[in-house]
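Each chain is listed here by its residues.
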Amino acid sequence: MKRRKFLETLGASAAGVAAFSCSDREEAARLAGQGVSDADLTWSKAPCRYCGTGCGVEVGVKDGMVRAVRGDVKSPVNRGLLCVKGYHLPGMLYGEDRLQYPMLREGGGWKRISWDEALDLVASKYQEALDQHGPESVAIYGSGQWTVFDGYAATKWFRGGLRSNNVEPNARLCMASAVTGFMTQFQSDEPMGCYEDFEEGDDFVMWGNNMAEMHPVLFSRILANKRQNPGVRIIDIATRRTPTTDYADMYVEMVPGSDLALANGILHLLLRNGKVDSAFVRENVVFKRGIEDLDRIGYGSWGEDGLGLDPSDGPAERYGFRDQGRNSSMRELERFLRDYTPERVSEICGVPVQQIYQLAELYGDRSRGTVSLWCMGVNQHTRGTWMNNLITDLHLLTGKISRPGANPFSLTGQPSACGTVREVGTLAHRLPADMVVMNAEHRAKAEEIWGVPPGTIPPRPGYHTMDMFRAFMRGDVRVMWTQTTNPWVSIPNLNRIQREPGDGKFLVVSDIYPTPSTEVADLVLPSAAWVEREGVFGNSERRTQHWHKAVDPPGEATEDAWQIMEVAKRMGMEHLFPWPDDDWHEPMYEEYRSFTLGLGKDVASYQQLKDTRGLLWPVVDGVETRYRYAAGHDPYVQKDRGVHFYKAKGYGEKAAFWLRPWHPPAESPDEEYPYWLCTGRVLEHWHTGSMTRRVRQLHQAVTEGYVELNRADAQRLSVTSGQMVRVVSRRGSLELPAKVDGRGKPPQGSVFIPFFDESRLPNLLTLDAMDNISKEPDFKKCAVRIERV
Amino acid sequence: MRSPHRARLTRGAAAAAGLALLAGCGGDTVPVPDQDGAVKSATHVRAERRAYDGAPPTIPHESFGARCAACHNARGQSVSGVGFAPASPHDDTERAGGTTRCRQCHVFVTTGGQFVASEYEPLEQDLRYGGRATPGAPPTMPHRTLMRENCVACHDGPGAREEVRTTHPERWRCRQCHVPVTERETFGSELGEGLTEGGR
């Protein structure tokens, strides 16, 4: 039976209002005559704009403005709940300094130009660089906030049009180590579990993961589980106390960078105590070992040009490091783990032996479902791939994988880090659906779907993020375009990429607000944000979510994907985007989807996305998959198989257990720089703060950057909370107020700085060392000293 | 009988009707002085603490360094020198203390001012709803009940503003008589084609 929308009349409610006071009646009269009320709003669904959780929100619109949001009770992700950022989404769109028109740098200022002029200019700059310097001299740098459309348009234009693999996302700084982790173990990216693990699990082990602030709604699901099942335990393994610690049953404080030793220590005890699930391992696991020699691997390109760094770390050969895997065995693992006795691990990690035993007991207890959770602490790590491997190893060895409530679960920080970066493939070496440019068959498949001649896609990966910005500074990249990201805040060791426009190169920045990145741009393009356009995001649990455009963007702002397609068309590449101007979203998505079908990566149809609150891929016959590789859940697994890692063709369709040793961090405190520096986020602000700082409630809650100090350290330095201090590293220095006993409490000898404040950039201090497999830099560990100002 | 068919309210009509609400208002305003001594309506105070109607309120006091649930407990409690800390309106307040993360949604106001001024015009509270069908009928709820399951947190006790304080807290089961208005629509049957007066 159909219901029709009819408004209640005022007559019916007047009597109700009469129950209020006269002052409220005045208020009611005022509101009845003006203002916007609930009944006038049109509501539509969208995923939240911020983190990788992908909460469903309902967006309330009136007169072309988003007036309110509410948690979407129909969304299986958040079931009506949001965090403070999500509840305050509307304000994000309406900062009075929204970029509205294409602006070209001219003389000392900016000149407004038309879209035609702007797009012609971008096209001509790209063409000029291509003609004079070749396809490696152009680049595009997007993010995990690119919609599927933006990312797909970028990768197709670059690889299929410009014959360049220089397409990269800021997600390189965020979850590249998770990608290499999953790829090395399952030959297919992304987790096997889903958010239902948070209700099904018994023990939640957070590895360097302040989930209460960074994935608050998911943390709420764990807390709700704990409330109903008091036996549920939260284990917080961290380098400082955070709001997550307040809810933890066990807090394991470790020395920064010692997590690999801790994981190996747990593996050691699992073997020693006979806690290996031998039947599972025999059936489903192969053992692998890679290059472990510290001298051969190094720490990325640190020191390559001696910019105030240790030049002895050596340049080129380490920079081109490629891991080489060889077969290993359980017997070799036993020998390998002999070094990781609880006593030695305790010494490296600063973790009491007792806690190592407790962790081994927890992982080894077959009666309990264990979920390991991690995000930036593990990924932004000079051995991030290895640490991803070791966490999954714990689950492989105990058979706690691909089961409801027992999984290694990698969380993502951006709304479409999974959907766009990892699934569409916007990393320099990737193509859609787990394919890579190095593989001839993969290139051929992409060329066929894109209708471009064989040999169009170059076989060599493009510049990864760290390399791309250095190449831009060197002049090897002549033209670069950034979208939905703010690299001049978020790249580590910003000192290396200081730029003055007019250096002969050309930088285009598409954004919605002025940022430090627009300050160094030659051309600024205004973008449509969030529900000002149609979009698709993919969240941490493989859920693809669609939203309709709900309001018009301000001024002449346009979609990022549209900007890319228009430039491509001006370069004679109309054939890449052959769809009608007013109806290209669905055909573009369906073309992308054709990459995924039949591979266990199958994303839902566009129509199904519109009709639902998103679906978890693989979606086969319209049915989503909650647990990958699991019989009874994953349609690619035969019913009697139990678990089947069918994507890992190179390992005989088994998962790879990697033996990975502990290596010390690239830089550790010494006499001159005696403190560890860790950087990160706070609940109220998202990433570089360009959106959340424009929301009054969020700005007023956390106004400016600060440095968290331990109370004892503060006393020794004679510094009190609020007092300005100078934090100095080998790269740079920064003045900011001290915070003692705030929400985060670092141990003695450690400090923490959030990175949302564009006027206090901790990335002037951080080290651009990286994981040499994933090329993801380490924002969590470097050495600083503190001075009173 | 009320017809299910109703015309959309126009702005002008609403304004006129709104003015009619004021009839009878004289000197009987209920004063609600805030911390600065200014007299504001409950509606005004409520709006000040929210980005829009439905947003979680900001925290109207400074941090005392205590767990929220220490004061905002199952029944609420009086805090010396500060005022009455009401119970949480969220479900399960009693057991939730140790496993609820209040500050996921509620933040302190640590400063005035803005980073950049905003052109955002929010949804405001709509007092046209929550009315009674007839005099003496129980009023419907003018807000959603999600996260507001514990009615007495706001509608009873010293923390309840006078304007919205229940006259009958002893009845306990509020939702036996008061129902939320989840959809602003009325029932329209597909049946009875040609059967009812006036036809369709």
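A brief structural summary.

Turning next to the packing of helix α11 (residues 259-272) of chain A against helix α17 (residues 353-364) of chain A. All names here are of chain A. α17 packs onto α11 with a crossing angle of 65° between their chain directions and a minimal axis gap of 9 Å. When the axes of α11 and α17 are compared, the crossing they make is right-handed. Counted together, Gly265, Ile266, Leu269 and Leu270 of α11 and Ile356, Tyr357, Leu359, Ala360, Tyr363 and Gly364 of α17 form the full contact between these two elements. Its residues assigned to classes, the contact of α11 with α17 comprises eight nonpolar, two polar and no charged.

Residue and element names in this part refer to chain A. Taken in spatial order, the three strands line up as β1-β2-β3 in an open sheet, and their pairing is antiparallel. Every other strand in the sheet has two partners, leaving β1 (42-47) and β3 (65-71) as the edge strands with one partner each. Put simply, the sheet's adjacent strands are angled 30° from each other on average, direction ignored. Sheet topology note: the strand β2 (residues 56-62)/β3 ladder contains six bridges and is antiparallel. Bridge pairing in β3 places Val59 opposite Val69.

On to helix α5 (residues 115-133) of chain A. All names here are of chain A. An ideal rise of 1.5 Å per residue puts 27 Å on 19 residues; α5 measures up with 27 Å between its terminal C-alpha atoms. Three or more residues of α5 are buried, namely Ala118, Leu119, Val122, Lys125, Tyr126 and Ala129. Mapping the buried residues of α5 onto a view down its axis gives an arc of 125°, with all of them on the same face. Exposed residues pointing more than 90 degrees away from the buried face of α5 are listed as Asp116, Asp131 and Gln132. Lining the buried residues of α5 we find β6 (138-142), β16 (479-483), β17 (506-511), β18 (523-526) and α25 (560-570). Backbone geometry just after α5 places Gly134 at a positive phi near 90°.

Residues and elements named next belong to chain A. As defined by bridge partners, β1 adjoins β2 across six bridges and the pair is classed as antiparallel. Bridge assignment links Lys45 to a residue of β2, and that residue is Glu58. Joining the antiparallel neighbours β2 and β3 is a turn of two residues, in which Asp63 adopts a positive phi near 50°.

In this section: the sheet that holds β16(A). All names here are of chain A. Taken together, seven strands build an open sheet; the order of strands is β5-β4-β18-β17-β16-β6-β7 and the sheet is mixed. The open sheet has two free edges, formed respectively by β5 (109-112) and β7 (167-169), since each of these has just one partner strand. Neighbour-to-neighbour, the strand axes of the sheet open up by a mean angle of 20°, direction not taken into account. Pairing of strand β4 (residues 103-106) with β5, which is carried by four bridges, proceeds in the antiparallel orientation. Directly across from Glu106, in β5, lies its bridge partner Gly109. Of the strands in this sheet, β6, β16, β17 and β18 are in contact with α5, which crosses β18 at around 130°.

Okay, the pairing of strand β28 (residues 782-788) of chain A next. All names here are of chain A. In the sheet, strand β23 (residues 675-680) pairs with β28 via three bridges, with the strands oriented antiparallel. Each bridged residue has a counterpart across the sheet, and for Trp676 the counterpart in β28 is Ala783. Across four bridges, the pairing between strand β25 (residues 724-728) and β28 is antiparallel. Bridged to Arg726 within β28 is Glu787.

Conventions used here
- Counting of residues starts from 1 at the beginning of each chain's written sequence and follows it residue by residue.
- To read the labels, note that chains go from A and ligands from 1, taken in the order they are written.
- Restriction of local features to residues with pLDDT of at least 70 applies here, the model being predicted, together with a cutoff of 80 or more for giving and counting side-chain atom pairs; totals for whole chains, interfaces and linings are based on all residues.
- Between the N-to-C directions of two axes lies an angle of 0 to 180 degrees, each axis being a line fitted to C-alpha atoms and, for a helix, fitted only over the stretch in contact.
- Secondary structure is summarised from DSSP: a helix means a run of H or I of at least four residues, a strand means a run of E of at least two, and numbering begins at the N terminus for each.
- Helix crossings get a hand from a simple test, with the near helix turned counterclockwise from the far one by less than a right angle marking a left-handed crossing and a clockwise turn marking a right-handed one.
- Residues are scored as being in contact if the C-beta atoms we place from backbone atoms lie within 7 Å.
- Each residue receives one of three labels: charged for Asp, Glu, Lys and Arg, nonpolar for Ala, Val, Leu, Ile, Met, Phe, Trp, Tyr, Cys and Pro, and polar for the others, Gly being one of them.
- Two strands pair if DSSP finds at least two bridges between them.
- Expected span of a helix, by definition, is 1.5 Å for each gap between consecutive residues, and there is one gap fewer than residues.
- The burial criterion counts other C-beta atoms lying within 10 Å of a residue's C-beta, which is placed from the backbone; the residue is buried at 20 or more, exposed at 12 or fewer, and partly exposed between these limits.
- The arc in question is traced by the directions running from the helix axis to the C-beta atoms.

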